[in-house]
Amino acid sequence: MMRIFGVIGDPIGHSLSPRMHNAAYRALELECTYLPFHVKSEDLSEAIRGAKALGIQGLNVTVPHKEAVMAFIDPDPLAERIGAVNTIDFIREKGYNTDAFGVTGSLRSAGIDLGDKRVLMLGAGGASRAVAFSCVEAGCKLVISNRTKEKGERLADELGGSVTAIGLERERIAPVIAESDILINTTSVGMYPEVDKIPIDPDLLHEDLIVFDLVYNPQKTMLLGEAERRGCLTIDGVKMLVYQGAESFKIWLGIDPPLEVMEEAVREGLKDMYG
Ligand code: ATR
């Protein structure tokens, strides 16, 4: 019998997850399909109950429902700590957060172990939480730099330990970035259509820095282009998308996903959408 999966969000038309998962199912000849569902916030509770009643096996959850959905599905301990669910398994009746795996998987694919690295994270929004938790879990020394400093401080307080927060001003970032191993951009700066924007002064980048940008449209953001020019190892946002999706796939189907096929599908999809 055909197994049905999907993604819920608002908006949802731009999601690359259907392409990515369906390509994986085709490659492994699985009798599965993955659909996008446009669900408004006021319909979230009914959508979850309805999906379960219809026998849908699993759902990804995207903006703006990742936090709110926790009222309707039991989160596992990691999702509980991050405060957001992006994957529901209706067989186990559990909510998971695979964004943290997206971060560690992307870095590992480039041969980098978060280990005890010194990380500078730009941003303190929704996408930042899973990144920050992955860093803390791995024992990194994390500095959060956010335009609205109080928001960064709140996240740092929540994470506890040695996490600190600073503003996004050049003079605050300069001494920290000089001592950092990894820079992770979790802000939306540089995202299509504002592709000529960069979250920090590129002259602060140094060749020992690994630069990971969560923005995936365009695939090579201005930040990654500038980092590449300065000899930094760079990782783009497509990797994050693929590795979080791969972990959802594994939770639902219990087998290893074809990573290259998924990555290719996302990169092709982006080309179709943005040229
Ligand atoms: P998401 O869920 O995608 O993370 P978000 O929660 O709205 O989206 O967070 C966006 C992040 O990008 C925030 O850290 C935001 O900074 P503020 O907390 O100061 O709003 C950051 N951001 C967005 N536009 C920015 C800009 N032009 N300059 C600097 N930071 C920006």
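The structure under discussion appears in the preceding block.
Remember, predicted model here, so these are calculated numbers, not experimental data. (Residues numbered from 1 in each chain as written. Predicted model: local features only at pLDDT ≥ 70, side-chain atom pairs only at ≥ 80, totals over all residues. Heavy atoms only, no water.)

*Asks:* It is not clear to me how the site of the ligand should be interpreted in this structure. Could you clarify?
*Replies:* Looking at the ligand, there are 13 residues lining it, with Ala-127, Asn-146, Arg-147, Thr-148 and Lys-151 nearest. The side chain of Arg-147 places a nitrogen or oxygen atom 2.9 Å from an oxygen atom of the ligand. Side-chain polar atom of Lys-151 to an oxygen atom of the ligand: 2.8 Å apart, as the coordinates give it. Here the residues of the shell around the ligand are counted per class, giving four nonpolar, seven polar and two charged. (Near = heavy atom within 4 Å. Polar contact = N/O pair within 3.5 Å; in protein donor to acceptor, adjacent residues only side chain to side chain. Nonpolar A, V, L, I, M, F, W, Y, C, P; charged D, E, K, R; others polar.)

*Asks:* Would you mind going over the pattern of salt bridges with me for this structure?
*Replies:* It is possible for side chains bearing opposite charge to pair when their charged atoms get close. Throughout the structure, instances matching the rule amount to 21 salt bridges. A salt bridge links Lys-66 to Asp-99; its shortest N-O distance comes to 2.9 Å. Residue Lys-66 is located in the loop between strand E3 (58-61) and helix H3 (77-82), and its partner Asp-99 is located in helix H4 (residues 99-109); the two are separated by 33 residues in the primary sequence. The residue Glu-158 makes a salt bridge to Arg-129 at a minimum N-O spacing of 2.5 Å. Of this pair, Glu-158 sits in helix H6 (residues 149-159) while Arg-129 sits in helix H5 (residues 126-137), placing them 29 residues apart in sequence. Overall, the relative accessible area of 47% leaves Glu-158 in the partly exposed class. Through salt bridges with shared partners, a single ionic network connects Asp-203, Glu-226, Arg-229 and Arg-230. (Salt bridge = Lys/Arg side-chain N within 4 Å of Asp/Glu carboxyl O. Helix = DSSP H or I, 4+ residues; strand = E, 2+ residues; numbered from the N terminus. Buried < 20%, exposed > 50% of the residue type's maximum accessible area, 1.4 Å probe, protein only.)

*Asks:* Whenever I open this one, the side chain of Asp-236 confuses me. Can you help?
*Replies:* Positionally, Asp-236 belongs in the loop between strand E11 (233-235) and helix H9 (237-253). Assessed through its relative accessible area of 13%, Asp-236 is described here as buried. Among all residues touching Asp-236, those that are not within four sequence positions of it are Phe-212, Asp-213, Gln-219, Leu-224 and Arg-267. (Contact = heavy atoms within 4.5 Å.)

*Asks:* Mind showing me how you'd approach the packing of helix H1 (residues 17-27) against helix H10 (residues 259-274) here?
*Replies:* When two helices pack together, their arrangement is given by the angle between their axes and by how far apart the axes lie. It is at 8 Å that the axes of H1 and H10 come closest, and there the two elements cross at 135°. Looking at the two axes, H1 sits oblique to H10. Considering how the two elements wind past one another, H1 and H10 form a crossing that is right-handed. Residue-level inspection shows Arg-19, Met-20, His-21, Ala-23, Ala-24 and Ala-27 of H1 in contact with H10, the latter providing Val-261, Met-262, Ala-265, Val-266, Glu-268, Gly-269 and Asp-272. When the residues that make up the contact of H1 with H10 are grouped by side-chain class, the tally is eight nonpolar, two polar and three charged. (Axes fitted to C-alpha atoms, helices over the stretch in contact; angles between N-to-C directions. Parallel < 35°, antiparallel > 145°, perpendicular 65-115°, else oblique. Left-handed = near helix turned anticlockwise from the far one by under 90°.)

*Asks:* Got a minute to help me understand the sheet that holds strand E9 (residues 182-185) in this structure?
*Replies:* Paired through their backbone hydrogen bonds, the strands of a sheet run either parallel or antiparallel. The strand order E8-E7-E6-E9-E10-E11 describes an open sheet built from six strands, whose pairing is parallel. The open sheet terminates on both sides in strands that have one partner only, identified here as strand E8 (164-166) and E11. With strand direction ignored, the average angle separating the axes of adjacent strands in the sheet is 20°. Where E9 and strand E10 (residues 210-213) come together, four bridges link them in parallel fashion. Bridge assignment links Ile-184 to a residue of E10, and that residue is Phe-212. On the sheet, H4 packs against E9, E10 and E11 and is oriented at approximately 140° with respect to E10. (Pairing = 2+ DSSP bridges.)

*Asks:* What is the right way to look at the packing of aromatic side chains in this model?
*Replies:* To describe a pair of aromatic rings, one takes the distance between the centres and the angle between the planes. Under the defined criterion, the tally for this structure stands at five aromatic pairs. Ring geometry for Phe-5 and Tyr-25: centres 5.9 Å apart, planes at 40°, overall tilted. In this pair, Phe-5 sits in strand E1 (residues 3-9) while Tyr-25 sits in helix H1, placing the two residues 20 residues apart along the sequence. Here Phe-5 falls in the buried class, since its relative accessible area comes to 0%. By relative accessible area, Tyr-25 is classed as buried at 1%. One aromatic cluster is present, formed by Phe-5, Tyr-25, Tyr-34, Phe-249 and Trp-252 through successive ring pairs. (Phe/Tyr/Trp six-rings, centres within 6.5 Å; stacked < 30°, edge-to-face > 60°.)

*Asks:* Please clarify how helix H2 (residues 44-53) should be interpreted in this entry.
*Replies:* Along an α-helix, residues three or four apart share an orientation, since each turn contains 3.6 residues. Among the residues of H2, those classed as buried are Leu-44, Ile-48 and Ala-51. Buried positions in H2, seen along its axis, are confined to an arc of 65° and lie on one side of it. Among the exposed residues of H2, those pointing more than 90 degrees away from its buried face are Glu-46, Arg-49 and Ala-53. Among the structural elements, E1, E3 and strand E4 (87-89) are those in contact with the buried residues of H2. Looking one or two residues beyond H2, the residue adopting positive phi is Gly-55, at roughly 85°. (Arc of directions from axis to C-beta.)

*Asks:* Which parts of the structure should I look at to understand the side chain of His-21?
*Replies:* Structurally, the position occupied by His-21 is in helix H1. On the basis of relative accessible area, His-21 is assigned to the buried category, the value being 0%. Among residues more than four places away in sequence, those in contact with His-21 are Tyr-34, Asn-60, Gly-245, Phe-249, Trp-252 and Met-262.

*Asks:* I'm lost on unusual backbone geometry in this one. Help?
*Replies:* Comment: phi is negative for the bulk of residues other than glycine, and the bulk of peptide bonds are trans. With an omega of 5°, the peptide bond between Asp-10 and Pro-11 qualifies as cis. Position of Pro-11 relative to the elements: it lies in the loop between E1 and H1. Going from Val-63 to Pro-64, the amide bond is cis rather than trans, its omega being 5°. Secondary-structure assignment places Pro-64 in the loop between E3 and H3. With a phi angle near 55°, Glu-93 is a residue other than glycine that sits in the positive phi range. Residue position: Glu-93 is located in the loop between E4 and strand E5 (94-96).

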